[in-house]
Amino acid sequence: DGRLTFFPGNQTVDLPFVNFMKRYGTVFLNAYTNSPICCPSRAAMWSGLFTHLTESWNNFKGLDPDYITWMDLMEKHGYHTQKFGKLDYTSGHHSVSNRVEAWTRDVHFLLRQEGRPMVNLTGDRKRVRVMEADWRNTDKAVNWIKEEAVNLTQPFVLYLGLNLPHPYPSPYAGENFGSSTFLTSPYWLEKVNFEAIKIPKWSSFSEMHPVDYYSSYTKNCTGEFTKEEVRNIRAFYYAMCAETDAMLGEIISALGDTGLLRKTVVIFTADHGELAMEHRQFYKMSMYEGSSHVPLLVMGPGVKEQQEIPNVVSLVDIYPTMLDIARIPIPQNLSGYSLIPLLHEKTESELSLRGPRPSWVLSEFHGCNVNSSVYMLRTGKWKYIAYSDGFSVLPQLFDLTADPDELTNVAIKFPVIVHSLDKILRSIVNYPKVSSSVQEYNKRQFISWKQSLGQNYSSVIANLRWHQDWLKEPKKYENAIDRWL
């Protein structure tokens, strides 16, 4: 969650290496994902293109494997390139349930899907390495810096993708049930300031936006939660962020030990945030700040120290920024803009051929746990969220200055602002048309999956992660799907 990298969010947990990057570099106060879910977000970051252009609609439909990423271009221009850890931009490892849910989100039913969010404390005060797979990848990256990078005659670019801070699969619910367990050890939990944890306010069910209600329901968050449960989920999430920070620290230390730190640009960011029980939800898949606001910190040669940049930026800006650092010509078709002028405090006249950076960012979501395509435009103090075709589902408008917790939808109060923001949004993306093509794609995918199962369709679909409800009345739900088809 990007808000943890600056005040007041950073009061909740000790993140020494994020703070080190702020001290010796620049933090972006308003950086956003272009799609708040792993694979589509990474597709945008690696391609420099908005989600409706990559058509990365869900967690298993990402970039074409032969798409030329910024790393490919850097390699072509003489950089030595190395990747470790989670890439997840062509397709992630996701269960059949994930796929079927994304395709059937237009069906008129409510079925509980995710495991209920919970916490799990493991090990003791000595247990530092909770997420062992991430630590193994961090060790590989550290060894590569110390053994390979230090001896290179050409410049290098190293990418390390972590899974943390991410809830873990919930063993009690089986492989289909997603990841709803926040897991840490006492070692990391001690880094969290429990007094500073804010218990989020929840709207009553009757006041919730219909799409939010669907998301809360499918994320298994509509039941009763005590304050202590909510506080613990948030605390465990912050502890997982502290473990992530330590991995960042290993990389910074390795660069320091080898003398490479002062001549290396370091960028720290994430594919999306975590709601951690804000708005009666956990996970991502939402345009609320907890889910869509990402960290973005940059330090290195030429980057101003202790700088906080308020401009709205997003992950599509990484592509042109990497090319700009490497002095490689930037393709004109990209959705993003280089961050270098902001990092170096350049004046407008020195900016790129494409003209000044726009005053807005775009994020969109077309996957599971949300029963509509969603589009978010963030500009100035406003966050405008449009759904589907723009008419059948009412939009939301939040004034982030007056209402940082996004509890009051003021769309009805400010029709002129809604109209002007909707006009900007439509000038960037013909969103009713995109929503409709996603609906067609979902249907096509579902039909071909159904046909591939033949006689087994009924038993396979009944045993996906909504099975507790489905098995009671299988015909009712199958009929709802038939009506949709």
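The rules behind these values
Residues numbered from 1 in each chain as written. Predicted model: local features only at pLDDT ≥ 70, side-chain atom pairs only at ≥ 80, totals over all residues. Heavy atoms only, no water. Buried < 20%, exposed > 50% of the residue type's maximum accessible area, 1.4 Å probe, protein only. Helix = DSSP H or I, 4+ residues; strand = E, 2+ residues; numbered from the N terminus. Contact = heavy atoms within 4.5 Å. Core = buried A, V, L, I, M, F, W, Y, C linked by side-chain atoms within 4.5 Å. Phe/Tyr/Trp six-rings, centres within 6.5 Å; stacked < 30°, edge-to-face > 60°. Lys NZ or Arg CZ within 6 Å of the ring centre and 35° of its normal. Pairing = 2+ DSSP bridges. Axes fitted to C-alpha atoms, helices over the stretch in contact; angles between N-to-C directions. 1 Å grid on protein atoms, 1.4 Å probe; cavity = no way out; pocket = protein on both sides within 12 Å on 5 of 7 lines; lining within 4 Å. Points joined across faces, edges and corners; volume = space filled by probe spheres on them. Nonpolar A, V, L, I, M, F, W, Y, C, P; charged D, E, K, R; others polar.

## Focus on helix 2 (residues 38-47)
- With 10 of 10 residues buried, helix 2 lies mostly within the body of the structure.
- For helix 2, the full list of buried residues reads C38, C39, P40, S41, R42, A43, A44, M45, W46 and S47.
- Lining the buried residues of helix 2 we find helix 3 (51-54), helix 4 (70-76), strand 2 (80-85), strand 4 (156-161) and helix 11 (318-325).
- Of the residues flanking the end of helix 2, it is G48, one or two places downstream, whose phi is positive at about 75°.

## Focus: the nonpolar core
- Core analysis: the largest hydrophobic core is formed by 117 residues, its most contacted members being Y384, F446, W449, I461, W470 and I481.
- Residue contributions to this core peak at 17 residues, all from helix 9 (residues 227-257).
- With sequence-adjacent residues up to four places away left out, W470 is seen in contact with F109, L111, I461, A462, Y477, E478 and I481.
- One finds Y89, V157, I309 and L323 within the second-largest nonpolar core, a separate group that totals 32 residues.

## Examining the packing of aromatic side chains
- Evaluation of the coordinates by the stated rule reveals 23 aromatic pairs.
- Each ring, one from F446 and one from W484, has its centre 5.5 Å from the other, and the planes form 70°; the classification is edge-to-face. You can see F446 sitting in helix 14 (residues 431-453) and its partner W484 sitting in helix 17 (residues 474-484), a full 38 residues away along the chain.
- Note that R23 overlies the ring of Y24, its terminal NZ or CZ placed 4.6 Å from the centroid.
- Its guanidinium or amino end placed over the ring of W46, K83 lies 5.8 Å from that ring's centre, counting from NZ or CZ.

## Some words on the sheet that holds strand 14 (residues 396-399)
- Read from one edge of the open sheet, four strands run 11-12-13-14, paired in antiparallel fashion. Strand pairing shows two members of the sheet lacking a second neighbour, strand 11 (360-365) and strand 14, which therefore form its edges. The sheet shows a mean angle of 15° between the axes of neighbouring strands, taken without regard to direction.
- In the sheet, strand 11 pairs with strand 12 (residues 374-379) via six bridges, with the strands oriented antiparallel. Looking at strand 12, one finds that V361 is bridged to R378.
- In the packing of helix 13 (residues 415-428) onto the sheet, contacts are made with strand 11, strand 12, strand 13 (382-387) and strand 14, and the angle to strand 13 comes to roughly 65°.

## A short note on empty space enclosed by the protein
- The full count for this structure, using the stated rule, is four cavities of 30 Å³ or more.
- Put simply, the largest cavity is a space of about 110 Å³.
- Together, 14 residues line the largest cavity, and D212, M285, S286, M287 and Y387 are the ones closest to its centre.
- Of all elements in the fold, only helix 8 (210-218) and strand 13 reach the threshold of two or more residues within the lining of the largest cavity.
- With three residues, helix 8 is the largest single contributor of residues to the lining of the largest cavity.
- Each residue belonging to the lining of the largest cavity can be placed in one class, and the counts come to nine nonpolar, four polar and one charged.
- Of the pockets and cavities examined, the second largest cavity occupies roughly 70 Å³.
- Together, F50, S314, V316, D317, S335, G336, Y337, R357, P358, W360, V361 and L362 line the second largest cavity.

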